[in-house]
Amino acid sequence: LVWLMQGADERVVGPGAPVGGPPILFMGMVKHGQKRAVHIAHLQERYGNKFEVLGDGGPHTRKHGRALADYIAGKIVVAPDGPQTDRYWSNRIYQVLGFGGFLLHPRCVGLREQYDPYSLMTYRNWDHLDEMLDDYQQLPHSCKLVAEMGHAVTLRHHLYRHRCEQLIAEVQRHL
């Protein structure tokens, strides 16, 4: 078996233009496992109108491409605790960082093979995430610097083109 990850679409990557809205954002489905649903409920209770869930109301509430890039610009995007493992995480990482967004993600061992601590901020547990959210809301310049680093790493190593090159190399290696 070969471990091949998803990536960012280079036809639409690049930072967006901020369009307003709450400063903390989760983009995705809330009911994707009990762990995620409980974590999102915690964030909604703790941050109230500073926290928004985007895309959980069906296809008409989702944003893609440049519209999504604009919507996440200048916000703190949270990847909730679940589902992920040390070898699995969603494509949200590549989307958000490909759009130049600032992402807080649960720690996954395999992610450190792809992103260093300066290009992707990770959290240990809910308390650690809450501390990071409280701190980073006051540090927009730091968020911007980390987002720029994550964007650069994504462009260099994590586009769909890179994934296709890896796939082709693996197929050739096994022929």
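What comes next is a walk through the structure.

Procedures and definitions
Residues numbered from 1 in each chain as written. Predicted model: local features only at pLDDT ≥ 70, side-chain atom pairs only at ≥ 80, totals over all residues. Heavy atoms only, no water. Buried < 20%, exposed > 50% of the residue type's maximum accessible area, 1.4 Å probe, protein only. Helix = DSSP H or I, 4+ residues; strand = E, 2+ residues; numbered from the N terminus. Contact = heavy atoms within 4.5 Å. Polar contact = N/O pair within 3.5 Å; in protein donor to acceptor, adjacent residues only side chain to side chain. Phe/Tyr/Trp six-rings, centres within 6.5 Å; stacked < 30°, edge-to-face > 60°. Lys NZ or Arg CZ within 6 Å of the ring centre and 35° of its normal. Axes fitted to C-alpha atoms, helices over the stretch in contact; angles between N-to-C directions. Parallel < 35°, antiparallel > 145°, perpendicular 65-115°, else oblique. Left-handed = near helix turned anticlockwise from the far one by under 90°. Nonpolar A, V, L, I, M, F, W, Y, C, P; charged D, E, K, R; others polar.

### Looking at helix 4 (residues 126-136)
Every α-helix carries 3.6 residues per turn, so stepping three or four residues along brings you back to the same face. Buried residues of helix 4: His128, Leu129, Asp130, Met132, Leu133 and Tyr136, and no others. Buried residues along helix 4 sit against strand 1 (24-27), helix 1 (34-47), strand 3 (76-78), strand 4 (102-106), strand 5 (121-123) and helix 5 (140-157). Of the residues that open helix 4, the one with a side-chain oxygen 3.1 Å from the backbone nitrogen of Asp127 is Asn125.

### Here we look at the packing of aromatic side chains
Geometrically, a pair of aromatic rings is defined through the distance of the ring centres and the angle of the planes. For the structure on display, the rule yields three aromatic pairs. An angle of 80° between the planes, with centres 5.6 Å apart, marks the rings of Trp3 and Trp89 as edge-to-face. Taken as a pair, Trp3 in the segment before strand 1 and Trp89 in the loop between strand 3 and helix 3 (92-98) lie far apart in primary sequence, 86 residues in all. A relative accessible area of 29% means that Trp3 is categorised as partly exposed. When the ring of Tyr94 is compared with that of Tyr115, the centres are 6.4 Å apart and the planes differ by 35°; the resulting orientation is tilted. In this pair, Tyr94 sits in helix 3 while Tyr115 sits in the loop between strand 4 and strand 5, placing the two residues 21 residues apart along the sequence. On the basis of relative accessibility, which here comes to 0%, the residue Tyr94 falls in the buried class. Over the aromatic face of Trp3 sits the side chain of Arg87, whose NZ or CZ is 3.6 Å from the ring centroid. When the ring centre of Tyr94 is taken as reference, the NZ or CZ atom of Arg163 above it lies at 5.1 Å.

### Brief notes about unusual backbone geometry
A cis amide bond, omega -15°, links Gly82 with the succeeding residue Pro83. As for its position among the elements, Pro83 is in the loop between strand 3 and helix 3.

### Brief notes about the packing of helix 1 against helix 4
For the pair helix 1 and helix 4, the least separation of the axes is 12 Å and the interaxial angle reads 40°. On the basis of the axis angle, helix 1 is oblique to helix 4. When you trace helix 1 past helix 4, the crossing you get is right-handed. When helix 1 is examined against helix 4, the residues Lys35, Val38, His39, His42, Leu43, Arg46 and Tyr47 are found in contact with a partner set consisting of Trp126, Leu129, Asp130, Leu133 and Asp134. Taken together, the residues that form the contact of helix 1 with helix 4 break down as six nonpolar, two polar and four charged.

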